[in-house]
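Examination of the molecular architecture
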Amino acid sequence: MNGLRVAALMAATITTGLMAGVYWAYGMAFMPGLAKVDDKTFVGAFQAADRAIVNPVFLGIGFVGTLLLTGLAGLLSLKQKALPWIAVAFVLYLITMIVTVAVNVPLNDALKAAGDPASIDVAAARAAFDEARWTTFNTLRTVLDLLAFGLLGWALYLTGKSAAQP
């Protein structure tokens, strides 16, 4: 059971870090880069990137898998010193999912639904997208996910420390 508990906690930590990296990359490179392009390029590039990221591997292993793995790590650590840290990480990551589904995804979907950049008013589509709102909530989910990642790292440390004690 200890091996499964450690494996689940490691997998939860890794996937949480991967998700934090996705949010970080959007906030540090993708959105700032798109902010500097014309409306047609912005709409087309964002639509293409959003279509690409909505795939079974990202959604299953990354977005949803992270929550499931963190939950499993918590369940397998019920009587362990690491449990409070895992539980808080679970809640923080859950909040990132709620923010994503409540704010970022609807904005993404509305931009995709605006249509082909070659045949729509791209300035209106970009304005309706509300880059500032999207970026603000992406920053929130980045910070929360980084905190969750750190807490899971601490939980791994505690798990290793307790395993090393006689």
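Quick note: structure is the one above.
Here's a quick rundown of the structure. Values in this document were obtained by computation on a predicted structure and should not be read as measured data. (Residues numbered from 1 in each chain as written. Predicted model: local features only at pLDDT ≥ 70, side-chain atom pairs only at ≥ 80, totals over all residues. Heavy atoms only, no water.)

Attention now goes to the pattern of salt bridges. Summed over all chains, the structure comprises four salt bridges. The salt bridge involving Asp-39 is made with Arg-126; its shortest N-O contact spans 3.1 Å. Within this pair, whereas Asp-39 is found in helix α2 (residues 39–53), its partner Arg-126 is found in helix α5 (residues 122–129), the two being separated by 87 residues in sequence. On the accessibility criterion, Asp-39 (26% relative accessible area) is partly exposed. When its relative accessible area of 10% is taken as the criterion, Arg-126 is described as buried. In this structure, the salt-bridge partner of Lys-112 is Asp-109, at a minimum N-O distance of 3.6 Å. Note that Lys-112 and Asp-109 are positioned in helix α4 (residues 83–113) at a spacing of three residues, about one turn of the helix. Each of Asp-39, Arg-126 and Glu-131 takes part in salt bridges that share partners, so that together they form one network. (Salt bridge = Lys/Arg side-chain N within 4 Å of Asp/Glu carboxyl O. Helix = DSSP H or I, 4+ residues; strand = E, 2+ residues; numbered from the N terminus. Buried < 20%, exposed > 50% of the residue type's maximum accessible area, 1.4 Å probe, protein only.)

With 15 residues, the main nonpolar core has Leu-9, Ile-86 and Leu-152 as its most contacted residues. Of all the elements, helix α6 (residues 131–164) adds the most residues to this core, at six residues. One finds Tyr-26, Met-31, Phe-46 and Val-122 within the second-largest nonpolar core, a separate group that totals 14 residues. (Core = buried A, V, L, I, M, F, W, Y, C linked by side-chain atoms within 4.5 Å.)

This brings us to the packing of aromatic side chains. This model, assessed by the stated rule, comprises ten aromatic pairs. Ring centres of Tyr-26 and Trp-134 lie 5.6 Å apart, and the angle between their planes is 45°; on these two criteria the pair is classed as tilted. In this pair, Tyr-26 is assigned in helix α1 (residues 2–35) and Trp-134 in helix α6, connecting sequence segments 108 residues apart. Members of the aromatic cluster, connected to one another through ring pairs, are Tyr-26, Phe-30, Phe-42, Phe-46, Phe-129 and Trp-134. (Phe/Tyr/Trp six-rings, centres within 6.5 Å; stacked < 30°, edge-to-face > 60°.)

This part covers unusual backbone geometry. One non-glycine residue, Asp-130, adopts positive backbone phi at about 65°. Looking at the secondary structure, you find Asp-130 in the loop between α5 and α6. Classification of Asp-130 as partly exposed rests on a relative accessible area of 32%.

The next thing to look at is the environment of Thr-159. Note that Thr-159 resides in helix α6. Residue classification places Thr-159 among the buried residues on the basis of a relative accessible area of 6%. In sequence terms Thr-159 and Ser-77 are 82 residues apart; their C-alpha atoms lie 9.1 Å from each other. In this view, Thr-159 contacts Arg-5, Val-6, Leu-9 and Ala-82; residues no more than four positions away in its chain are not counted. (Contact = heavy atoms within 4.5 Å.)

By the element assignment, Thr-70 lies in helix α3 (residues 56–75). Using a relative accessible area of 2% as the deciding quantity, one classes Thr-70 as buried. In terms of polar contacts, Thr-70 uses its side chain to reach the backbone carbonyl oxygen of Thr-66, at 2.8 Å. Beyond its immediate sequence surroundings of up to four residues, Thr-70 is in contact with Ala-12, Thr-16, Ile-86, Ala-89, Phe-90 and Leu-152. (Polar contact = N/O pair within 3.5 Å; in protein donor to acceptor, adjacent residues only side chain to side chain.)

Attention shifts here to the side chain of Asp-50. Along the chain, Asp-50 turns up in helix α2. For Asp-50, a relative accessible area of 5% translates into the label buried. A distance of 2.8 Å separates the side chain of Asp-50 from the side chain of Lys-112, its partner in a polar contact.

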